[in-house]
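Commentary on secondary and tertiary structure
What follows is the residue order along each chain.
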Amino acid sequence: MPAMILKTIPVGPLQCNCSILGDEASGTAIVVDPGDDAPRIAALVEELGLRVTHIVHTHAHIDHIGGSAEFKRLCGGEASLHEGDQWLYEHLDMQAQMIGLRATEAVALDARLEEGDRFDLGGDKLEVLHTPGHTPGSCTFVLEREGRQIVFAGDTLFQGSIGRTDLWGGDSAQILKSLRGKLMELDDDAEVITGHGPSTTIGVERRTNPFITGELRL
Ligand SMILES: [Zn+2]
Ligand SMILES: [Zn+2]
């Protein structure tokens, strides 16, 4: 069976995890969160011999979407974002200023992400879950392949921690609802690619993440 390709590279000063998810047989790829370093991501896509069909964003914080316009020019692909993050999308300049990053143009969007959307990747599907809390439009992507789930959680879930909710439209009750009601419903052995830092699994976080066990309160 032709292999699935998964490359995750931290990009930009905030080291956002950008993932290239490719299907060897069809030669197509979906790119998650090209937040910065667009030429480097594009070079990797080319090296892997892939053609980008979609660019999807877990949310519109600038470290996750800031490199998308340049990346789309280099590699193509349809860009999409959840409508809940429209305000953040329209204020990349303000975000850049507050975080101390250089300002960048906003990528032209081709579509809205909605709960239940499914993107084709060589016959497998990448499914969209709307998981608000870190931002109003935060989404989690779940790929099911050969009975195993791979989860792209953005800044909703980190290894041993969760995303902050004290920025522009963050909501701590909502993030807990998204985590407990949606992410923790996924399989124990589901691999989670987080927005920053190391990967983890749903099972490990369900058992040990202090925000999910309730040991720590927001
Ligand atoms: Zn964020
Ligand atoms: Zn982030």
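Residues numbered from 1 in each chain as written. Chains lettered and ligands numbered in written order. Predicted model: local features only at pLDDT ≥ 70, side-chain atom pairs only at ≥ 80, totals over all residues.

Our next topic: unusual backbone geometry. The phi torsion at Asp37 lies on the positive side, around 55°, for a residue other than glycine. With respect to the helices and strands, the residue Asp37 is situated in the loop between β3 (28-32) and α1 (38-47). For Glu146, which is not glycine, the phi dihedral falls at a positive 50°. Tracing the backbone shows Glu146 in the loop between β9 (139-145) and β10 (148-154). Take Glu146: there are 7 C-beta atoms within 10 Å of it, and that puts it in the exposed class. (Helix = DSSP H or I, 4+ residues; strand = E, 2+ residues; numbered from the N terminus. Buried ≥ 20, exposed ≤ 12 C-beta atoms within 10 Å, placed from the backbone.)

If you walk across this open sheet you meet the 6 strands as β1-β2-β3-β4-β5-β6, and the pairing is mixed. Sheet topology places β1 (4-11) and β6 (111-113) at the edges, where each strand pairs with a single neighbour. In this sheet, neighbouring strand axes are inclined to one another by 25° on average, regardless of whether the strands run parallel or antiparallel. One ladder, built from 3 bridges, connects strand β4 (residues 51-56) with strand β5 (residues 78-82); its direction is parallel. For Ile55, the partnering residue across the bridge sits in β5 and is Ala79. (Pairing = 2+ DSSP bridges. Axes fitted to C-alpha atoms, helices over the stretch in contact; angles between N-to-C directions.)

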